[in-house]
Amino acid sequence: MSRLDPILPGSYLGILGGGQLGRMFTQAAQAMGYKVCVLDPDAHSPAGLVAEMHIQAEYTDHQALAQMAKYCQAVSTEFENVPALTLDELEKLGVYVAPNSQGVSIAQNRIVEKKFLATWQREAGIGPAPHAVIEREEDLAHVAADLLPGILKTARMGYDGKGQKTVKTAEELREAWQQFDRVPCVLEKRMDLDFEVSALVARGHDDEVVIYPIAQNMHRQGILHTSTVPAPAINAQQAQKISDAAKEMIRRLDYVGVLCIEFFVLKNGELVANEMAPRPHNSGHYTQDACVCSQFEQQVRAMARLPLGSTAQHTPAMMLNLLGDEWLSGDTQAEPAWAEVLRFPEAKLHLYGKAEPRQGRKMGHINLIAKDSEGLNSLCAQVSAILKINRQE
Ligand code: ADP
Ligand code: MG
(Lines give C-alpha, C1' and ligand atoms only; values in the text may rest on other atoms or scores of the structure.)
(Ligands and ions follow the chains in the order given, each with its own letter.)
Protein backbone atom coordinates (compact mmCIF):
# COMPACT_ATOMS: atom_id res chain seq x y z
CA MET A 1 0.00 0.00 0.00
CA SER A 2 1.30 3.41 -0.85
CA ARG A 3 1.82 5.77 2.05
CA LEU A 4 -0.95 8.07 0.84
CA ASP A 5 -3.75 5.55 0.30
CA PRO A 6 -6.72 6.00 2.59
CA ILE A 7 -7.26 3.47 5.35
CA LEU A 8 -10.76 2.22 4.72
CA PRO A 9 -13.63 1.30 7.05
CA GLY A 10 -13.40 -2.28 8.24
CA SER A 11 -9.80 -1.68 9.29
CA TYR A 12 -8.57 -1.23 12.83
CA LEU A 13 -7.62 2.24 14.05
CA GLY A 14 -5.59 2.54 17.26
CA ILE A 15 -5.88 5.05 20.06
CA LEU A 16 -3.38 5.62 22.85
CA GLY A 17 -5.32 6.41 25.99
CA GLY A 18 -8.73 5.18 27.05
CA GLY A 19 -10.30 8.27 28.63
CA GLN A 20 -13.45 10.03 27.51
CA LEU A 21 -11.74 11.53 24.47
CA GLY A 22 -10.71 8.05 23.40
CA ARG A 23 -14.23 6.80 24.01
CA MET A 24 -15.86 9.45 21.84
CA PHE A 25 -13.19 8.92 19.19
CA THR A 26 -13.95 5.20 19.28
CA GLN A 27 -17.67 5.78 18.90
CA ALA A 28 -17.12 8.12 15.94
CA ALA A 29 -14.79 5.60 14.29
CA GLN A 30 -17.27 2.77 14.84
CA ALA A 31 -20.08 4.87 13.35
CA MET A 32 -17.97 4.99 10.19
CA GLY A 33 -17.40 1.24 10.19
CA TYR A 34 -13.92 1.09 11.69
CA LYS A 35 -12.82 -1.16 14.50
CA VAL A 36 -10.80 0.37 17.31
CA CYS A 37 -7.96 -0.88 19.44
CA VAL A 38 -7.36 1.04 22.68
CA LEU A 39 -4.11 0.94 24.63
CA ASP A 40 -4.60 1.92 28.26
CA PRO A 41 -3.32 0.43 31.51
CA ASP A 42 -6.71 0.82 33.20
CA ALA A 43 -8.96 -2.28 33.00
CA HIS A 44 -12.12 -0.14 33.11
CA SER A 45 -11.14 2.77 30.89
CA PRO A 46 -14.10 4.55 29.24
CA ALA A 47 -12.78 3.82 25.73
CA GLY A 48 -11.68 0.27 26.52
CA LEU A 49 -15.28 -0.51 27.46
CA VAL A 50 -16.59 0.28 23.98
CA ALA A 51 -13.68 -0.62 21.68
CA GLU A 52 -13.41 -3.93 19.82
CA MET A 53 -10.01 -4.47 21.37
CA HIS A 54 -8.43 -3.23 24.56
CA ILE A 55 -4.75 -3.84 25.18
CA GLN A 56 -4.31 -3.33 28.88
CA ALA A 57 -0.69 -2.30 29.26
CA GLU A 58 1.62 0.65 29.86
CA TYR A 59 2.38 3.01 26.97
CA THR A 60 6.01 1.91 27.05
CA ASP A 61 5.29 -1.83 26.87
CA HIS A 62 7.11 -3.01 23.72
CA GLN A 63 5.06 -6.16 23.39
CA ALA A 64 1.82 -4.21 23.64
CA LEU A 65 3.00 -1.74 21.00
CA ALA A 66 3.97 -4.60 18.71
CA GLN A 67 0.51 -6.08 19.14
CA MET A 68 -1.09 -2.73 18.40
CA ALA A 69 1.06 -2.36 15.27
CA LYS A 70 -0.06 -5.80 14.12
CA TYR A 71 -3.72 -4.79 14.10
CA CYS A 72 -3.68 -1.07 13.38
CA GLN A 73 -2.58 0.69 10.22
CA ALA A 74 -2.95 4.04 11.94
CA VAL A 75 -2.70 5.18 15.55
CA SER A 76 -3.60 8.45 17.23
CA THR A 77 -3.45 9.66 20.79
CA GLU A 78 -6.03 11.05 23.16
CA PHE A 79 -3.75 11.26 26.16
CA GLU A 80 -1.36 14.11 25.72
CA ASN A 81 1.31 12.70 27.97
CA VAL A 82 1.94 9.59 25.91
CA PRO A 83 5.74 9.37 25.69
CA ALA A 84 7.11 10.61 22.37
CA LEU A 85 9.13 7.39 22.24
CA THR A 86 5.90 5.39 22.12
CA LEU A 87 4.80 7.26 19.00
CA ASP A 88 8.24 6.86 17.43
CA GLU A 89 8.27 3.16 18.20
CA LEU A 90 4.88 2.65 16.53
CA GLU A 91 6.08 4.62 13.50
CA LYS A 92 9.14 2.37 13.25
CA LEU A 93 6.80 -0.59 13.33
CA GLY A 94 5.20 0.76 10.14
CA VAL A 95 2.13 2.39 11.70
CA TYR A 96 0.85 5.73 10.39
CA VAL A 97 1.02 7.90 13.53
CA ALA A 98 -1.10 11.06 13.47
CA PRO A 99 -0.28 13.47 14.97
CA ASN A 100 3.39 12.52 15.00
CA SER A 101 5.69 12.75 18.00
CA GLN A 102 7.02 16.20 17.06
CA GLY A 103 3.66 17.94 17.43
CA VAL A 104 2.72 15.95 20.50
CA SER A 105 5.99 16.55 22.31
CA ILE A 106 5.85 20.32 21.85
CA ALA A 107 2.48 20.40 23.58
CA GLN A 108 3.78 18.13 26.35
CA ASN A 109 6.32 20.58 27.64
CA ARG A 110 5.32 24.13 28.49
CA ILE A 111 8.88 25.42 28.05
CA VAL A 112 9.09 24.15 24.47
CA GLU A 113 5.49 25.13 23.84
CA LYS A 114 6.06 28.75 24.91
CA LYS A 115 9.08 28.91 22.64
CA PHE A 116 7.00 27.66 19.72
CA LEU A 117 4.14 30.06 20.49
CA ALA A 118 6.60 32.95 20.71
CA THR A 119 7.44 32.52 17.04
CA TRP A 120 4.03 34.09 16.30
CA GLN A 121 4.68 37.18 18.34
CA ARG A 122 6.23 39.07 15.48
CA GLU A 123 4.37 37.45 12.57
CA ALA A 124 0.83 37.35 13.89
CA GLY A 125 1.02 39.67 16.87
CA ILE A 126 -0.08 36.83 19.13
CA GLY A 127 2.53 35.50 21.52
CA PRO A 128 2.58 33.74 24.88
CA ALA A 129 2.21 35.65 28.14
CA PRO A 130 5.49 37.19 29.40
CA HIS A 131 7.25 34.37 31.23
CA ALA A 132 10.51 33.02 32.60
CA VAL A 133 11.84 29.48 32.60
CA ILE A 134 12.73 28.16 36.05
CA GLU A 135 15.02 25.16 35.85
CA ARG A 136 17.66 25.85 38.49
CA GLU A 137 18.11 27.80 41.67
CA GLU A 138 19.87 30.69 39.85
CA ASP A 139 16.86 31.23 37.61
CA LEU A 140 14.86 32.41 40.62
CA ALA A 141 17.20 35.35 41.16
CA HIS A 142 16.88 36.46 37.55
CA VAL A 143 13.10 36.63 37.47
CA ALA A 144 12.02 40.12 36.40
CA ALA A 145 9.92 41.84 39.06
CA ASP A 146 7.16 42.64 36.58
CA LEU A 147 6.37 38.91 36.13
CA LEU A 148 4.81 39.02 39.59
CA PRO A 149 2.10 38.39 40.54
CA GLY A 150 2.40 35.34 38.34
CA ILE A 151 1.48 31.71 37.95
CA LEU A 152 4.13 29.03 38.37
CA LYS A 153 3.33 26.07 36.12
CA THR A 154 5.20 22.78 35.97
CA ALA A 155 6.62 22.21 32.49
CA ARG A 156 5.13 18.74 32.30
CA MET A 157 1.97 16.86 33.23
CA GLY A 158 -0.22 19.85 34.13
CA TYR A 159 -3.94 19.81 33.30
CA ASP A 160 -7.20 21.26 34.65
CA GLY A 161 -5.22 23.76 36.72
CA LYS A 162 -3.10 21.02 38.34
CA GLY A 163 0.62 21.70 38.66
CA GLN A 164 -0.05 25.45 38.97
CA LYS A 165 0.35 27.92 41.77
CA THR A 166 -0.30 31.64 41.94
CA VAL A 167 2.67 33.50 43.45
CA LYS A 168 2.72 37.13 44.48
CA THR A 169 6.25 37.62 45.75
CA ALA A 170 9.75 36.29 45.09
CA GLU A 171 9.48 34.42 48.39
CA GLU A 172 6.23 32.73 47.39
CA LEU A 173 7.79 31.83 44.07
CA ARG A 174 10.70 30.11 45.81
CA GLU A 175 8.33 28.21 48.11
CA ALA A 176 6.08 27.14 45.27
CA TRP A 177 9.04 25.85 43.27
CA GLN A 178 10.19 23.85 46.33
CA GLN A 179 6.70 22.42 46.63
CA PHE A 180 6.92 21.30 43.01
CA ASP A 181 10.13 19.44 43.94
CA ARG A 182 12.17 21.90 41.88
CA VAL A 183 11.09 20.35 38.58
CA PRO A 184 11.40 22.53 35.45
CA CYS A 185 8.68 25.17 35.48
CA VAL A 186 7.47 28.26 33.70
CA LEU A 187 6.60 31.38 35.64
CA GLU A 188 3.96 33.29 33.75
CA LYS A 189 2.83 36.82 34.42
CA ARG A 190 -0.80 36.90 35.56
CA MET A 191 -2.65 38.58 32.71
CA ASP A 192 -5.75 40.68 32.97
CA LEU A 193 -8.15 38.38 31.12
CA ASP A 194 -11.36 39.61 29.58
CA PHE A 195 -12.32 36.13 28.40
CA GLU A 196 -10.83 32.87 27.07
CA VAL A 197 -11.30 31.19 23.70
CA SER A 198 -10.01 28.19 21.84
CA ALA A 199 -9.35 27.46 18.20
CA LEU A 200 -9.96 23.92 16.98
CA VAL A 201 -8.11 23.26 13.78
CA ALA A 202 -7.50 20.10 11.76
CA ARG A 203 -5.08 19.16 9.02
CA GLY A 204 -5.19 16.25 6.63
CA HIS A 205 -2.24 14.27 5.30
CA ASP A 206 -2.51 16.25 2.05
CA ASP A 207 -2.10 19.63 3.84
CA GLU A 208 -5.80 20.45 3.72
CA VAL A 209 -6.52 22.65 6.77
CA VAL A 210 -9.96 23.34 8.24
CA ILE A 211 -10.98 25.30 11.31
CA TYR A 212 -14.08 25.27 13.50
CA PRO A 213 -15.72 28.44 14.78
CA ILE A 214 -13.91 29.92 17.80
CA ALA A 215 -15.27 28.71 21.16
CA GLN A 216 -15.53 30.93 24.23
CA ASN A 217 -14.58 29.07 27.36
CA MET A 218 -15.42 29.63 30.99
CA HIS A 219 -13.46 27.83 33.70
CA ARG A 220 -14.43 27.13 37.27
CA GLN A 221 -11.72 26.15 39.73
CA GLY A 222 -9.30 25.56 36.86
CA ILE A 223 -11.64 23.15 35.05
CA LEU A 224 -13.55 23.99 31.89
CA HIS A 225 -17.14 24.77 32.84
CA THR A 226 -18.84 25.89 29.63
CA SER A 227 -17.92 26.49 26.00
CA THR A 228 -20.18 28.72 23.94
CA VAL A 229 -20.08 28.88 20.16
CA PRO A 230 -20.30 31.30 18.43
CA ALA A 231 -18.12 33.06 21.02
CA PRO A 232 -20.37 35.89 22.25
CA ALA A 233 -17.64 38.36 23.22
CA ILE A 234 -15.12 38.08 20.40
CA ASN A 235 -15.01 40.60 17.57
CA ALA A 236 -14.58 39.66 13.93
CA GLN A 237 -11.03 40.97 13.74
CA GLN A 238 -9.89 39.00 16.79
CA ALA A 239 -11.55 35.83 15.48
CA GLN A 240 -9.83 36.27 12.12
CA LYS A 241 -6.44 36.84 13.70
CA ILE A 242 -6.78 33.75 15.88
CA SER A 243 -8.00 31.57 13.01
CA ASP A 244 -5.16 32.68 10.77
CA ALA A 245 -2.59 32.00 13.49
CA ALA A 246 -4.06 28.56 14.29
CA LYS A 247 -3.96 27.50 10.64
CA GLU A 248 -0.38 28.67 10.31
CA MET A 249 0.62 26.84 13.49
CA ILE A 250 -0.79 23.48 12.44
CA ARG A 251 1.01 23.74 9.10
CA ARG A 252 4.25 24.78 10.75
CA LEU A 253 4.05 21.73 13.00
CA ASP A 254 3.46 19.46 9.98
CA TYR A 255 0.67 18.10 12.13
CA VAL A 256 -1.98 15.65 10.93
CA GLY A 257 -5.16 15.49 13.00
CA VAL A 258 -7.15 17.74 15.30
CA LEU A 259 -5.28 20.37 17.33
CA CYS A 260 -6.71 22.75 19.91
CA ILE A 261 -5.04 26.05 20.77
CA GLU A 262 -6.18 28.11 23.77
CA PHE A 263 -6.02 31.91 23.66
CA PHE A 264 -6.66 34.69 26.16
CA VAL A 265 -8.38 37.89 25.14
CA LEU A 266 -7.09 40.59 27.47
CA LYS A 267 -9.05 43.53 28.85
CA ASN A 268 -7.06 45.83 26.54
CA GLY A 269 -8.14 43.74 23.53
CA GLU A 270 -4.75 42.09 22.99
CA LEU A 271 -4.49 38.38 22.25
CA VAL A 272 -2.26 35.88 24.07
CA ALA A 273 -1.60 32.29 23.00
CA ASN A 274 -1.85 30.10 26.11
CA GLU A 275 -1.36 26.43 25.29
CA MET A 276 -1.99 23.65 22.78
CA ALA A 277 -3.60 20.24 23.10
CA PRO A 278 -2.51 17.73 20.44
CA ARG A 279 -5.92 16.02 20.16
CA PRO A 280 -9.63 16.70 20.19
CA HIS A 281 -10.44 18.96 23.14
CA ASN A 282 -13.10 19.42 25.79
CA SER A 283 -13.98 22.81 24.30
CA GLY A 284 -14.75 21.07 20.99
CA HIS A 285 -17.40 18.71 22.32
CA TYR A 286 -20.13 21.04 21.09
CA THR A 287 -19.21 19.96 17.54
CA GLN A 288 -20.92 16.60 18.21
CA ASP A 289 -24.35 18.21 18.07
CA ALA A 290 -23.76 21.56 16.37
CA CYS A 291 -21.41 20.92 13.44
CA VAL A 292 -21.63 18.89 10.27
CA CYS A 293 -18.56 16.86 11.24
CA SER A 294 -17.64 16.42 14.92
CA GLN A 295 -14.07 16.84 16.12
CA PHE A 296 -13.91 13.06 16.70
CA GLU A 297 -15.04 12.17 13.18
CA GLN A 298 -12.51 14.74 11.96
CA GLN A 299 -9.75 12.95 13.85
CA VAL A 300 -10.83 9.65 12.29
CA ARG A 301 -10.82 11.17 8.81
CA ALA A 302 -7.40 12.78 9.27
CA MET A 303 -5.68 9.67 10.60
CA ALA A 304 -7.35 7.45 8.00
CA ARG A 305 -6.05 9.83 5.30
CA LEU A 306 -9.57 10.58 4.12
CA PRO A 307 -10.77 14.02 2.99
CA LEU A 308 -11.69 16.21 5.98
CA GLY A 309 -15.32 16.90 6.88
CA SER A 310 -17.17 20.19 7.01
CA THR A 311 -16.60 22.29 10.13
CA ALA A 312 -19.75 24.32 9.43
CA GLN A 313 -21.88 24.96 12.49
CA HIS A 314 -25.60 24.53 11.93
CA THR A 315 -26.80 25.87 15.29
CA PRO A 316 -25.51 27.94 18.21
CA ALA A 317 -24.50 25.67 21.08
CA MET A 318 -23.20 25.61 24.60
CA MET A 319 -21.35 22.71 26.19
CA LEU A 320 -21.80 22.27 29.94
CA ASN A 321 -19.31 19.96 31.65
CA LEU A 322 -20.62 17.43 34.16
CA LEU A 323 -18.30 16.72 37.07
CA GLY A 324 -18.50 14.04 39.75
CA ASP A 325 -19.79 16.79 42.05
CA GLU A 326 -23.18 16.45 40.34
CA TRP A 327 -23.43 12.87 41.68
CA LEU A 328 -22.38 13.73 45.20
CA SER A 329 -24.11 15.51 48.02
CA GLY A 330 -22.39 15.30 51.38
CA ASP A 331 -21.67 11.63 51.97
CA THR A 332 -24.34 10.33 49.64
CA GLN A 333 -24.06 9.50 45.99
CA ALA A 334 -26.98 9.49 43.57
CA GLU A 335 -27.57 9.52 39.82
CA PRO A 336 -28.45 13.08 38.75
CA ALA A 337 -32.01 13.84 37.61
CA TRP A 338 -31.46 13.08 33.93
CA ALA A 339 -35.13 12.63 33.14
CA GLU A 340 -35.78 16.17 34.30
CA VAL A 341 -32.86 17.56 32.32
CA LEU A 342 -33.97 15.72 29.21
CA ARG A 343 -37.39 17.27 29.47
CA PHE A 344 -35.60 20.02 27.55
CA PRO A 345 -35.61 18.50 24.07
CA GLU A 346 -32.58 20.57 23.07
CA ALA A 347 -30.34 19.23 25.84
CA LYS A 348 -28.09 16.45 24.52
CA LEU A 349 -26.58 14.24 27.20
CA HIS A 350 -23.16 12.60 26.79
CA LEU A 351 -21.86 10.37 29.59
CA TYR A 352 -18.49 8.64 29.65
CA GLY A 353 -19.34 5.42 31.47
CA LYS A 354 -17.14 6.16 34.50
CA ALA A 355 -18.27 4.09 37.45
CA GLU A 356 -16.91 6.22 40.24
CA PRO A 357 -17.89 9.89 40.49
CA ARG A 358 -15.27 11.97 42.28
CA GLN A 359 -15.17 15.67 42.94
CA GLY A 360 -13.78 17.48 39.90
CA ARG A 361 -13.77 14.30 37.78
CA LYS A 362 -15.15 14.77 34.27
CA MET A 363 -18.12 12.38 34.01
CA GLY A 364 -19.86 13.74 30.92
CA HIS A 365 -21.22 16.86 29.30
CA ILE A 366 -24.46 18.28 27.99
CA ASN A 367 -24.62 20.06 24.67
CA LEU A 368 -27.33 22.69 24.74
CA ILE A 369 -28.88 23.99 21.55
CA ALA A 370 -30.74 27.29 21.16
CA LYS A 371 -31.20 29.95 18.54
CA ASP A 372 -28.93 32.55 20.20
CA SER A 373 -26.68 33.11 23.19
CA GLU A 374 -29.55 34.45 25.28
CA GLY A 375 -31.43 31.22 24.71
CA LEU A 376 -28.31 29.21 25.55
CA ASN A 377 -27.74 31.10 28.80
CA SER A 378 -31.32 30.60 29.85
CA LEU A 379 -31.26 26.88 29.04
CA CYS A 380 -27.95 26.50 30.86
CA ALA A 381 -29.35 28.24 33.94
CA GLN A 382 -32.38 25.93 34.01
CA VAL A 383 -30.34 22.76 33.52
CA SER A 384 -27.77 23.89 36.10
CA ALA A 385 -30.56 24.50 38.62
CA ILE A 386 -31.90 20.96 38.14
CA LEU A 387 -28.42 19.51 38.56
CA LYS A 388 -27.63 21.92 41.41
CA ILE A 389 -24.51 23.08 39.61
CA ASN A 390 -23.31 26.18 41.38
CA ARG A 391 -19.59 26.37 40.82
CA GLN A 392 -17.76 29.35 42.18
CA GLU A 393 -15.26 31.16 39.99
P1 ADP B 1 -4.20 23.72 32.11
O2 ADP B 1 -5.41 23.96 31.23
O3 ADP B 1 -3.21 22.80 31.50
O4 ADP B 1 -4.54 23.39 33.51
P5 ADP B 1 -3.63 26.55 31.62
O6 ADP B 1 -2.30 27.13 31.35
O7 ADP B 1 -4.59 26.54 30.48
O8 ADP B 1 -3.40 25.10 32.22
O9 ADP B 1 -4.27 27.33 32.84
C10 ADP B 1 -5.55 27.04 33.36
C11 ADP B 1 -6.37 28.31 33.52
O12 ADP B 1 -5.71 29.22 34.41
C13 ADP B 1 -6.53 29.10 32.24
O14 ADP B 1 -7.60 28.60 31.47
C15 ADP B 1 -6.76 30.50 32.76
O16 ADP B 1 -8.09 30.65 33.23
C17 ADP B 1 -5.86 30.57 33.97
N18 ADP B 1 -4.54 31.12 33.59
C19 ADP B 1 -3.48 30.41 33.16
N20 ADP B 1 -2.43 31.20 32.87
C21 ADP B 1 -2.82 32.46 33.14
C22 ADP B 1 -2.18 33.75 33.06
N23 ADP B 1 -0.92 33.87 32.64
N24 ADP B 1 -2.88 34.84 33.44
C25 ADP B 1 -4.17 34.72 33.87
N26 ADP B 1 -4.82 33.55 33.97
C27 ADP B 1 -4.17 32.42 33.60
MG1 MG C 1 -5.70 25.05 29.56
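About the criteria used
- Residues numbered from 1 in each chain as written.
- Chains lettered and ligands numbered in written order.
- Predicted model: local features only at pLDDT ≥ 70, side-chain atom pairs only at ≥ 80, totals over all residues.
- Heavy atoms only, no water.
- Phe/Tyr/Trp six-rings, centres within 6.5 Å; stacked < 30°, edge-to-face > 60°.
- Helix = DSSP H or I, 4+ residues; strand = E, 2+ residues; numbered from the N terminus.
- Buried < 20%, exposed > 50% of the residue type's maximum accessible area, 1.4 Å probe, protein only.
- Donors = N, O, S within 2.8 Å, 3.2 Å for Na, K, Ca; no water.
- Contact = heavy atoms within 4.5 Å.
- Pairing = 2+ DSSP bridges.
- 1 Å grid on protein atoms, 1.4 Å probe; cavity = no way out; pocket = protein on both sides within 12 Å on 5 of 7 lines; lining within 4 Å.
- Points joined across faces, edges and corners; volume = space filled by probe spheres on them.
- Nonpolar A, V, L, I, M, F, W, Y, C, P; charged D, E, K, R; others polar.
- Core = buried A, V, L, I, M, F, W, Y, C linked by side-chain atoms within 4.5 Å.
- Domains from an automatic or database assignment.
- Near = heavy atom within 4 Å.
- Polar contact = N/O pair within 3.5 Å; in protein donor to acceptor, adjacent residues only side chain to side chain.
- Buried area = accessible area lost by both parts, 1.4 Å probe.
- Expected span 1.5 Å × (residues − 1).
- Arc of directions from axis to C-beta.

(A) How the structure looks around the packing of aromatic side chains. Applying the stated rule across the entire model yields four aromatic pairs. Both rings, one in Tyr12 and one in Tyr71, keep their centres 5.5 Å apart while their planes meet at 75°; by these two values the pair is edge-to-face. On the criterion of sequence distance, the pair formed by Tyr12 in strand S1 (residues 12-16) and Tyr71 in helix H2 (residues 62-71) is long-range, its members being 59 residues apart. When its relative accessible area of 36% is taken as the criterion, Tyr71 is described as partly exposed. Between Tyr59 and Phe79 the ring centres are 5.5 Å apart and the planes differ by 25°, which places this aromatic pair in the stacked class. Linking Tyr59 in the loop between strand S3 (53-55) and H2 with Phe79 in the loop between strand S4 (72-77) and helix H3 (84-92), this pair joins segments that are 20 residues apart in sequence.

(B) Representation of the coordination of the magnesium ion (ligand 2). Taken together, the protein donors to the magnesium ion (ligand 2) comprise Glu262 (OE), Glu262 (OE) and Glu275 (OE), at separations of 2.0 to 2.7 Å. With a gap of 13 residues between them, Glu262 in strand S14 (residues 257-266) and Glu275 in strand S15 (residues 271-277) connect regions that are remote in the sequence. Glu275 carries the same exposure label as Glu262, and that label is buried.

(C) The arrangement of the side chain of Asn274 in detail. With respect to the secondary-structure elements, Asn274 resides in strand S15. Residue classification places Asn274 among the buried residues on the basis of a relative accessible area of 5%. In this structure, Asn274 is in contact with Glu113, Lys114, Leu117, Lys153, Glu188, Glu262, Phe263 and Phe264, ignoring residues within four places of it in sequence.

(D) Summary view of the sheet that holds S3. Sheet architecture is open: five strands sit in the order S3-S2-S1-S4-S5, paired in parallel fashion. The sheet is open, and its two borders are formed by S3 and strand S5 (96-97), each paired with just one other strand. Both S1 and strand S2 (residues 35-39) contribute to a ladder of five bridges, which runs parallel. Bridge pairing in S2 links Tyr12 to Lys35.

(E) Summary view of the layout of surface pockets. Considering only enclosed or pocket space, the second largest pocket measures out at about 300 Å³ in volume. As for the second largest pocket, its lining consists of 17 residues, and the residues nearest its centre are Asp325, Glu326, Leu328, Leu387 and Lys388. Here the lining of the second largest pocket is built from residues that sort into eight nonpolar, four polar and five charged.

(F) Broad picture of the nonpolar core. Counting 42 residues, the largest nonpolar core has Leu13, Phe25, Tyr34, Val36, Tyr286 and Val300 as its most contacted members. Top element by residues in this core is helix H1 (residues 20-31). It accounts for five residues. Of the residues that make up this core, three or more belong to each of domain 1 (12-97) and domain 3 (193-387).

(G) Looking closely at the site of ligand 1. Near ligand 1, the surroundings consist of 19 residues, among which Lys153, Gly161, Gln164, Glu196 and Asn274 are the closest. Separating an oxygen atom of ligand 1 from a side-chain N or O atom of Arg110 is a distance of 3.0 Å. Lys153 places a side-chain nitrogen or oxygen 2.6 Å from an oxygen atom of ligand 1. Mapped onto the shell around ligand 1, the elements with two or more residues apiece are strand S7 (150-154), strand S9 (185-189), strand S10 (193-203), S14 and S15. Grouping the constituent residues of the shell around ligand 1 by class yields five nonpolar, five polar and nine charged. No fewer than three residues from each of domain 2 (130-189) and domain 3 (193-387) sit in the shell around ligand 1.

(H) Examining the domain arrangement of the protein chain more closely. Once the domains are mapped, the protein chain shows domain 1 (12-97), domain 2 (130-189) and domain 3 (193-387). The C-alpha centroid of domain 3 is placed 29 Å from the C-alpha centroid of domain 2. When the area that domain 2 buries against domain 3 is broken down by residue, the three leading residues are Lys153, Asp160 and Glu188, summing to 85%. Summed over the shared surface of domain 2 and domain 3, the result is one residue pair in polar contact (both at pLDDT 80 or more). Residue classes in the side of domain 2 that touches domain 3 are distributed as no nonpolar, one polar and three charged.

(I) Structural detail: H1. Across its twelve residues, H1 extends 16 Å between first and last C-alpha, which sits within 8% of the 16 Å expected from 1.5 Å per residue. The element H1 is extensively covered by neighbouring structure, given that nine of its twelve residues are classed as buried. Buried within H1 are the following residues: Gln20, Leu21, Gly22, Arg23, Met24, Phe25, Thr26, Ala28 and Ala29. Summarising the contacts, the buried residues of H1 are in contact with S1, S2, helix H9 (287-290), helix H10 (295-303), strand S19 (347-351) and strand S20 (362-369).

(J) A look at the environment of Cys72. Among the structural elements, Cys72 can be located in strand S4. Expressed as a C-alpha distance, the spacing of Cys72 and Tyr96, which sit 24 residues apart in the sequence, is 8.7 Å. Residues contacting Cys72, with those up to four places away along its chain left out, are Tyr12, Leu13, Gly14, Cys37 and Val95.

(K) Structural context of helix H8 (residues 236-252). Compared with an ideal rise of 1.5 Å per residue, which puts 17 residues at 24 Å, H8 spans 24 Å between its outermost C-alpha atoms and is within 8% of the ideal. Those residues of H8 not exposed but buried are Gln238, Ala239, Ile242, Ser243, Ala245, Ala246, Met249 and Ile250. Take H8 and look down its axis: the buried residues cluster within an arc of 170°, on one side only. With respect to the buried face of H8, the exposed residues turned more than 90 degrees away are Ala236 and Gln237. Check the buried side of H8 and you find it contacts helix H5 (110-124), S10, strand S11 (209-211), S14 and S15. The N-capping residue of H8, defined by a side-chain oxygen 3.1 Å from the backbone nitrogen of Gln237, is Asn235. Asp254 lies just past H8 and shows a positive phi near 50°.

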